[in-house]
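Descriptive structure summary
The chain contents come next:
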Amino acid sequence: MTVINPAIPAGPYTFTWNGNDIGLTEGPARMQQSPFGLPVRATQWGDTIIDYILRGGGYFAVIVVKEWTTNSKLFMWPFGSNQGVIDEPGRLFSSYCQALVMTALANTPAATYGPVTRTYHYCATLPGHNLDIQAGPQERNVVVALGVLPQPNSGGSYKAKFFTDT
Amino acid sequence: MIDQLLLVRKFNSRSDLLEKAGMAGFTKGDPLNIMPDVWEDKDGVSHYGYILGIPKLDDFNNLQQFVKDNEGLTLLDMDTNITATLAAVGLRINESA
């Protein structure tokens, strides 16, 4: 008799952004990715989509921040931890992006099956995401949606690399 | 010469991995014991690291395909020193392992 021992990578992750610990979080981090494609149709097939022309992809993450510290506030509002100011129009999102490193807790199945670490090399709070910051006799959990920017997968390549898993 | 760092997640390591990857003759130095930067040394090793000096582009392309096809492998450019290469993905060497 043996246990079934399924390969389920359960376990909490900790997070640093720009090398700084963002503290405790609520629930799982959600790592999202989707390919973009232009539907191909032909008169002979009516409105049936007969193929897609692949046109890149988008990568996002959602993390619920629980602590209210300089690091967590900078993570959710990269323009400054006082959060009352947004920078001049015309600045590029990329200039605010920093590396987000997720690390599995040691001795958990997540650290066994991986990723042990996931590094989004360039990410910051997604423009348009509404930070809903609650003030009251309760935990101040803030949902932060992150936009991730790519880098070339290798020199001269137009394959877009958004993260590195280890 | 193409310098690369091959990371092998401990769970996915096996003794013949470098041979299967066609890299057995290209290693530089001993395997490295690697762990996440935020773990404590007592937490142990999460990955083994192999510094590779790959002489030909064909060998490099074959290695890239091998990494794609096998679970638990990561290939990193060794464009700086080993400490910086690991730090960029949240890892460091476990000196006490």
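Residues numbered from 1 in each chain as written. Chains lettered and ligands numbered in written order. Predicted model: local features only at pLDDT ≥ 70, side-chain atom pairs only at ≥ 80, totals over all residues. Heavy atoms only, no water.

1. Examining the interface of chain B and chain A
On the side of chain A, 20 residues touch chain B, which itself brings 17 residues to the contact. Between chain B and chain A lies a buried interface of about 1300 Å² when both sides are counted; carbon and sulfur atoms form 63% of it. Between chain B and chain A we count zero salt bridges in total. Across the chain B-chain A interface, the total number found is six residue pairs in polar contact (both at pLDDT 80 or more). Listed by contribution, the elements that provide at least two residues to the side of chain B that touches chain A are strand E1 (2-9) and strand E4 (73-77) of chain B. The residue inventory of the side of chain B that touches chain A, partitioned by class, reads nine nonpolar, four polar and four charged. (Contact = heavy atoms within 4.5 Å. Buried area = accessible area lost by both parts, 1.4 Å probe. Salt bridge = Lys/Arg side-chain N within 4 Å of Asp/Glu carboxyl O. Polar contact = N/O pair within 3.5 Å; in protein donor to acceptor, adjacent residues only side chain to side chain. Helix = DSSP H or I, 4+ residues; strand = E, 2+ residues; numbered from the N terminus. Nonpolar A, V, L, I, M, F, W, Y, C, P; charged D, E, K, R; others polar.)

2. Remarks on the packing of aromatic side chains
All names here are of chain A. Scanning all chains against the criterion turns up seven aromatic pairs over all chains. Ring centres of Trp77 and Phe79 lie 5.1 Å apart, and the angle between their planes is 75°; on these two criteria the pair is classed as edge-to-face. In textbook terms, an aromatic cluster arises when at least three aromatic residues are bridged by ring pairs, as seen for Tyr59, Tyr120, Phe162 and Phe163. Above the face of the Phe163 ring, Arg118 is positioned so that its terminal group lies 3.6 Å from the ring centre. The residue whose ring lies beneath Arg140 is Trp68, and the NZ or CZ to ring-centre distance is 4.7 Å. (Phe/Tyr/Trp six-rings, centres within 6.5 Å; stacked < 30°, edge-to-face > 60°. Lys NZ or Arg CZ within 6 Å of the ring centre and 35° of its normal.)

3. Observations regarding a nonpolar patch on the surface
Residue and element names in this part refer to chain A. On the surface, Ile49, Tyr52 and Leu54 cluster together to form a nonpolar patch covering roughly 320 Å² of accessible area. Position of Leu54 relative to the elements: it lies in strand E4 (residues 51-65). Accessibility expressed as a relative area gives 66% for Leu54, which makes it exposed. (Patch = residues over 30% accessible without salt bridge, like charges linked within 9 Å, V, L, I, M, F, W, Y side chains within 5 Å. Areas by Shrake-Rupley, 256 points an atom, 1.4 Å probe, with all protein chains shown as cover. Buried < 20%, exposed > 50% of the residue type's maximum accessible area, 1.4 Å probe, protein only.)

4. Focus: the sheet that holds strand E3 (residues 47-54) of chain B
Residues and elements named next belong to chain B. Taking strand neighbours across the sheet as the criterion, the five strands line up as E4-E1-E3-E2-E5 in an open arrangement whose pairing is antiparallel. Looking along the sheet, the strands with just one partner apiece sit at the ends: E4 and strand E5 (91-93). The mean angle between the axes of side-by-side strands here comes to 35°, regardless of whether they run parallel or antiparallel. In this structure, strand E2 (residues 32-36) lies alongside E3, joined through three bridges in antiparallel fashion. Paired with Leu32 across the two strands is Gly49, which belongs to E3. Across the face of the sheet, helix H2 (residues 57-69) comes into contact with E1, E3 and E4 while running at roughly 140° to E4. (Pairing = 2+ DSSP bridges. Axes fitted to C-alpha atoms, helices over the stretch in contact; angles between N-to-C directions.)

5. So, the confidence of the model for chain B
Here chain B shows a mean pLDDT of 93. Residues at 70 or above account for 100%. Both scores are given for the predicted complex: the pTM is 0.93, the ipTM 0.93. (pLDDT = per-residue confidence, 0-100.)

6. Here's the deal with the pairing of strand E7 (residues 142-149) of chain A
Along any regular strand the residues' side chains alternate between the sheet's two faces. All names here are of chain A. Burial runs high along E7: six of the eight residues are buried. In terms of strand pairing, E4 meets E7 through six bridges, oriented antiparallel. From the neighbouring strand, Ile63 faces E7, where its bridge partner is Val144. Relative to E7, strand E6 (residues 117-125) is paired through four bridges, and the arrangement is antiparallel. Its bridge partner lying in E7, Cys123 is registered against Val148.

7. What about unusual backbone geometry?
All names here are of chain A. A cis amide bond links Gly114 with the next residue in sequence, Pro115, at an omega value of 0°. Among the secondary structure elements, Pro115 is positioned in the loop between helix H2 (109-113) and E6. Although it is not a glycine, Asn5 sits at a positive phi angle of roughly 55°. Within the element layout of this structure, Asn5 appears in the segment before strand E1 (13-17). Look at Asn18: it is not a glycine, yet its phi comes out positive at around 55°. Along the chain, Asn18 falls in the loop between E1 and strand E2 (20-21).

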